[in-house]
Amino acid sequence: MKIEKDVERVLIGEKELSDRVRELGARITKDYADKDLLLVGILKGSVVFMADLMKAVDLPLTTDFMAVSSYGSGTTSSGHVKIIKDLSNDIAGKDLLIIEDILDSGNTLSHLVKMLNSRGAKSIRICALLNKPDRRQADITLDYEGFIIPDEFVVGYGLDYNEKYRNLPFVGVLKEEVYRK
């Protein structure tokens, strides 16, 4: 049984993803040329994107990860942000670039930015593969954006539904009958 059968259509293909990640990497390389860059990946969704993005950044950098939850097993944010895994390193004086799979309501990122600012980060910027502005609730802006997408439920390239579909090599729209069961 192939998991592609649950995808209604491919929204962003492998080549588009690869090309855009290289473009973002080049911009980040230029913007952070004289900074102490720390990439902060938001688990689990950002893993595929971050792995490709960090290879496209031609600078010395460090990485760390946070795991947060605001979804549970549903398709919409609960609004409550829970830290599951915190950063391993001190971020005081560091230039943070938060790597996120998707900016949806913005509630999770808004919460994280406030928390990380309180820990003494020198700067905090946000890079998201996908931006879904139609769902925005919090006042949050992306510094680096992969693609603007419509308000549809997407999976693949790290994004999941109920912990599945992250391994698809593209971003696709999940068939409604899959998540309405």
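Residues numbered from 1 in each chain as written. Predicted model: local features only at pLDDT ≥ 70, side-chain atom pairs only at ≥ 80, totals over all residues. Heavy atoms only, no water.

Caption draft 1: Expanded view of the overall build of the protein. Helices and strands together make up the secondary structure of the protein, namely 4 helices and 9 strands. A compact globule built from 181 residues would reach a C-alpha radius of gyration of about 16 Å, and the protein, at 16 Å, matches this within 12%. Expressed along its principal axes, the backbone C-alpha trace of the protein runs to roughly 45 × 35 × 30 Å. Buried residues in the protein amount to 48% of all 181 residues. Accessible surface, the protein: about 9,200 Å² in total, of which carbon and sulfur atoms supply 48%. With 26 positive and 29 negative side-chain charges, the protein shows a spacing of 2 Å between the two charge centroids. (Helix = DSSP H or I, 4+ residues; strand = E, 2+ residues; numbered from the N terminus. Rg over C-alpha atoms; globule rule 2.2 N^0.38 Å. Buried < 20%, exposed > 50% of the residue type's maximum accessible area, 1.4 Å probe, protein only. Areas by Shrake-Rupley, 256 points an atom, 1.4 Å probe, with all protein chains shown as cover. Lys, Arg positive; Asp, Glu negative; His and termini not counted. Charge placed at Lys NZ, Arg CZ, Asp CG, Glu CD.)

Caption draft 2: The environment of E4, seen in detail. Within the secondary structure, E4 is located in the segment before β1 (7-12). As for E4 and Y165, which are separated by 161 residues in sequence, their C-alpha atoms are 8.5 Å apart. Residues in contact with E4, not counting those within four places in the same chain, are L168 and F170. (Contact = heavy atoms within 4.5 Å.)

Caption draft 3: Local environment of the packing of aromatic side chains. For the coordinates displayed, the defined rule picks out 3 aromatic pairs. Measuring from ring centre to ring centre gives 5.2 Å for F153 and Y179, while their planes differ by 45°; the resulting arrangement is tilted. Residue F153 is located in the loop between β7 (144-148) and β8 (154-155), and its partner Y179 is located in helix α4 (residues 176-179); the two are separated by 26 residues in the primary sequence. Considered together, F153 and Y179 belong to a single accessibility category, that of buried residues. Site record: aromatic cluster; members linked through ring pairs are F153, Y161 and Y179. (Phe/Tyr/Trp six-rings, centres within 6.5 Å; stacked < 30°, edge-to-face > 60°.)

Caption draft 4: How the structure looks around the side chain of K132. Checked against the element boundaries, K132 lands in the loop between β6 (123-131) and β7. For the buried K132, no salt bridge is present, and the opposite-charge side chain at shortest range is D104, 4.0 Å distant. For K132, the residues in contact, after removing those within four places along its chain, are I102, L103, D104, I149, P150, D151, E152 and F153. (Salt bridge = Lys/Arg side-chain N within 4 Å of Asp/Glu carboxyl O.)

Caption draft 5: A look at the layout of surface pockets. Of the pockets and cavities examined, the second largest pocket occupies roughly 230 Å³. Taken together, the residues that form the lining of the second largest pocket break down as 5 nonpolar, 1 polar and 5 charged. (1 Å grid on protein atoms, 1.4 Å probe; cavity = no way out; pocket = protein on both sides within 12 Å on 5 of 7 lines; lining within 4 Å. Points joined across faces, edges and corners; volume = space filled by probe spheres on them. Nonpolar A, V, L, I, M, F, W, Y, C, P; charged D, E, K, R; others polar.)

Caption draft 6: Broad picture of helix α1 (residues 14-31). With 18 residues, α1 ought to run about 26 Å at 1.5 Å a step, and its terminal C-alpha atoms sit 26 Å apart, in line with that. Among the residues of α1, those classed as buried are L17, R20, V21, L24, G25, I28 and T29. (Expected span 1.5 Å × (residues − 1).)

Caption draft 7: Main features of the pairing of strand β2 (residues 37-43). Burial within β2 is extensive, with 6 of its 7 residues counted as buried. The sheet contact formed by β2 and strand β3 (residues 62-69) spans 6 bridges and is parallel. Within the sheet, the bridge partner assigned to V40 lies in β3 and is D64. Taking the sense of rotation as the criterion, the β-α-β connection linking β2, helix α2 (residues 47-56) and β3 turns out right-handed. (Pairing = 2+ DSSP bridges. Right-handed = clockwise from strand over helix to strand, strands pointing away.)

Caption draft 8: Up close: the sheet that holds β1. Read from one edge to the other, the open sheet built from 3 strands follows the order β1-β9-β8, with strand pairing classed as antiparallel. In the strand order of this sheet, the two ends are held by β1 and β8, each with one partner. Of the pairings in the sheet, the one linking β8 to strand β9 (residues 171-174) comprises 2 bridges and is antiparallel in character. From the neighbouring strand, V154 faces β9, where its bridge partner is V173.

Caption draft 9: Region of the structure containing helix α3 (residues 107-118). Taking 1.5 Å as the rise per residue, α3 with 12 residues should run 16 Å; its terminal C-alpha atoms sit 17 Å apart, in good agreement. Taken as a whole, α3 has its buried residues at T108, L109, S110, L112, V113, M115 and L116. Contacts from the buried residues of α3 go to β2, β3, β4 (82-85), β5 (95-103) and β6. After α3 finishes, the residue G120 shows a positive phi value of roughly 90°.

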